[in-house]
Amino acid sequence: MYHRSLGPDGRLQADHRSRVLCEHHEDWIVLVGERAELVSAKHYGPRFGAYSTMNSLASDGGLAHLFDRWHTMQEKPGCRLVTTAGVNGPAKLLIDISNHLGKLRRAGAELSVEDAMKDHLQSFGKALLKHCTALGGRWQPTGSVLSPGQLDEVMRFLSVFRFQRSPEQDVIRDAAPTRYVKPVLDRLASTAPPVAVWDEVLSLFRERMQAAGPTPTGRLPDVLTDDRGPTTATASEREGDLQNRIVTLDEIDATIRIAIRSFEIVRSDPAETTMIVPDFYEDVWTAEGLSIGGTVRAAEVAALTTTSRPGLSRVDAARRNSALTTLGLALQAKSVFTALNGEALLSATLHIIYKQEVGRWPTGDRADRMLFEAADAHLRFRRQPHGSALGPLTRFLTGLAASASPRIPAALDSFVTRQGEQIGDAHDLFSRRREKPAWLLIDLGPESLGEQGRLAEITWWLHQAGETTEPTTVRVHGGENAMRQAIRELLERMPMHRPLRVDIAAPASLLAGGIDQWLVHEVDGELEPIGAECQVRMRWSQRLHEPRLQRRVTERARDEPWDDRPPVATATELSAADSGAGWLGKRKERAFLVGGDPTGSGSGALRAALRIGFGFVFWYDRYITPDLRAATMRAIRPVPPQARRTALPELPEITSLVPTVIWDDPDGRDGYPLPTSALTENP
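**Details of the packing of aromatic side chains**
Next, step 1: This structure, assessed with the given rule, holds 16 aromatic pairs.
Next, step 2: Measuring from centroid to centroid gives 6.3 Å for Y281 and F372, while their planes differ by 75°, and the two rings are edge-to-face. Here F372 lies in helix α15 (residues 367-382) and Y281 lies in the loop between β11 (274-276) and α11 (282-287), a separation of 91 residues in the sequence.
Next, step 3: Looking at F372, the relative accessible area reads 2%, which means it is buried.
Next, step 4: Taken together, a centroid distance of 5.2 Å and an interplanar angle of 75° make the contact between Y354 and F396 edge-to-face. Of this pair, Y354 sits in helix α14 (residues 347-358) while F396 sits in helix α16 (residues 392-404), placing them 42 residues apart in sequence.
Next, step 5: The class for Y354 is buried, based on a relative accessible area of 0%.
Next, step 6: Relative accessible area serves as the criterion here: at 1%, F396 is assigned to the buried category.
Next, step 7: One aromatic cluster in this structure is built from W562, F592, F616, F618 and W663.

**Examining helix α18 (residues 423-434)**
Next, step 1: An ideal rise of 1.5 Å per residue puts 16 Å on twelve residues; α18 measures up with 16 Å between its terminal C-alpha atoms.
Next, step 2: Next to the buried residues of α18 lie α14, α16 and α17 (410-418).

**Some points on the side chain of D368**
Next, step 1: Looking at the element boundaries, D368 is found in helix α15.
Next, step 2: A polar contact is formed between the side chain of D368 and the side chain of K334, at a distance of 3.0 Å.

**Let's talk about the nonpolar core**
Next, step 1: Ranked by internal contacts, the top residues of the largest apolar core, which has 48 residues, are W285, L327, L371, L393, F396, L397 and L400.
Next, step 2: Counting residues per element, the ones that place at least two in this core are α11, α12 (298-305), α13 (314-339), α14, α15, α16, α17 and α18.
Next, step 3: Top element by residues in this core is α13. It accounts for nine residues.
Next, step 4: Non-local contacts of L393, meaning those with residues more than four positions away in its chain, are made with L329, A333, L371, A374, A375, H378 and F415.
Next, step 5: Judged by nonpolar contacts, the second largest core, of 44 residues, contains L462, L491, L606 and F614.

**Regarding the pairing of strand β20 (residues 537-540)**
Next, step 1: Burial along β20 is two-sided: the face carrying R537 and R539 and the face carrying M538 and W540 are both buried.
Next, step 2: Bridge analysis of strand β17 (residues 500-506) against β20 gives four bridges, and the strand direction is parallel. Bridging across to β20, A505 finds its partner in R539.

**Some details on the pairing of strand β24 (residues 660-663)**
Next, step 1: Residues T660 and I662 line one face of β24 and the alternating positions V661 and W663 line the opposite face, and both faces are buried.
Next, step 2: The pairing of strand β23 (residues 616-620) with β24 spans four bridges and is antiparallel. For V617, the partnering residue across the bridge sits in β24 and is I662.

**Observations concerning helix α3 (residues 63-72)**
Next, step 1: Of all the ten residues making up α3, seven are buried; the element is thus mostly covered by neighbouring parts of the structure.
Next, step 2: Among the residues making up α3, those that are buried are L63, A64, L66, F67, D68, R69 and W70.
Next, step 3: Immediately downstream of α3, the backbone of Q74 shows phi near 60°, a positive value.

**Concerning the environment of W518**
Next, step 1: The topology assignment puts W518 in the loop between α21 (508-512) and β18 (519-523).
Next, step 2: Judged by relative accessible area, W518 falls into the buried class, the value being 6%.
Next, step 3: Sequence-wise, W518 and E528 are ten residues apart; in three dimensions their C-alpha atoms are separated by 7.8 Å.
Next, step 4: If sequence neighbours within four positions are ignored, W518 has contacts with E480, M483, R484, I487, L510, E528, P529 and I530.

Thresholds applied
Residues numbered from 1 in each chain as written. Predicted model: local features only at pLDDT ≥ 70, side-chain atom pairs only at ≥ 80, totals over all residues. Heavy atoms only, no water. Phe/Tyr/Trp six-rings, centres within 6.5 Å; stacked < 30°, edge-to-face > 60°. Helix = DSSP H or I, 4+ residues; strand = E, 2+ residues; numbered from the N terminus. Buried < 20%, exposed > 50% of the residue type's maximum accessible area, 1.4 Å probe, protein only. Expected span 1.5 Å × (residues − 1). Contact = heavy atoms within 4.5 Å. Polar contact = N/O pair within 3.5 Å; in protein donor to acceptor, adjacent residues only side chain to side chain. Core = buried A, V, L, I, M, F, W, Y, C linked by side-chain atoms within 4.5 Å. Pairing = 2+ DSSP bridges.

As structure tokens, then:
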């Protein structure tokens, strides 16, 4: 499956939609687009022999359970038995009938068998009745004969069933790397040992299979309950609950590539790891013959660390030792960074992970400088009594690993051990960072509804576990109060066992009226603003209903420099805003705006700014004073330009006034794109 999804250039094709669900219904469910195949694995060892009877296939071979799951899922999935055992006798004949029916199905022909074969189908049906207790209530054969309808059901099952012989488990270790991994490595032009790559991928599947655990509902169908009564969970919501058991092709791809990088690093000499000399400790580097901006090898730093420089004062000697120790630690981290293919991460991603794990923004743009700063913070942290907690550099590397890989690479485990830290702590942090939040997008309707004074519909999409639900529309009657209640009920239906991000697309009148402060989130019987837990962002709903407006903000977002001087719209500058001319109309290359209501007259100025194409807006409910402008700039300035598109909406209160943050990013949020239906199905 993975090999077939690789393009001629060795990259995973963008249109693949394959994943594997572990330990649910069967050992695995292989999902390719909208198609699913239930896979049962039976490895009994060489002493078992072969399946020879219908009963042995139904019980030991697990076909009775496969049949039950296939029927429960409305006969939609395919089914496969992967086993080390062979078949002979009546069981072999049944497999031959299955192959025959499969050919008929694929050819679009009517399913049928010769009369002589129907007795074998009758025998298999009786074996199913014997070993599948759930059939007792559905099948009630007359005497010992199945009805024509029941025989047809058996044929439909056999037409989608595949029997696959697998090598014995002690052979798989030797055969699988050559049979399955070597062709992949050839396509990727890698000389990494197939066994090492196979072990990494196998470990990924073992982790997901062990992640099954008990379900809170005891394997019963999940039910969401609200004021209107019980509602069966949607397919997307159920898949979200199973996220920890799913292995995607993207995760397999990342695991393979990191295994390859790890092999290349192990094969290379660690002493040859290099990094750029940072512009800290300039006096130390100059004295040691190193130039800022040049490269230095780990071997050079190790040699300098083991020698002393005579004539230095105690303070200068300590400073030299601190600089070289920090540089040496940063070089150790660089090898892990390289194994993670950290160079492929976006600069914005590096900045945001650094801030989350180290606790402050980095002062530079390059990865080498970030590693040095994190190493410096790490050594300072270790001088304090923090017990066994992970240091900043370890946290930074673990956060990067969670962004780049489905599992912690061995290089990071080794780094953690060398720091005297607990591998379990790193794995726990990794698991928490891998837990991707769900994203709820709520559309409150176009401007025309708000103008008419009626709010008739709420449409919403839920993104989780790599999937997006079909749009769901709820009709609302009764104005804003009814809308508040509808949003409250919608939030109560959301799966809150994982982080939830919420974007609300609203007409300009609601955006200017502080909809982000609506009390709709119930906690311990009290109502809180929706943003209390959900990191809410606001959007302008008209863009979802008018593609020309969406194109405007897309073009501006591409050109936005995200510098320290966003346009600031004061009362004077907004005097001609309603016409779209004047000051706003001249800022054609900007998407980021700081502004406020110049007159307190409503949403006219805000709507004009949004119509022109500003998509990233801090909007106050009053005009911008010089003090407010200065406070806003002070809050923006510490956030690196590369991270502002993502991080600015989470700014704390800038002053005693809290702006409405309208963050209409056309790329979506947290890696989830805007659903196509939101841009094409709306009128």
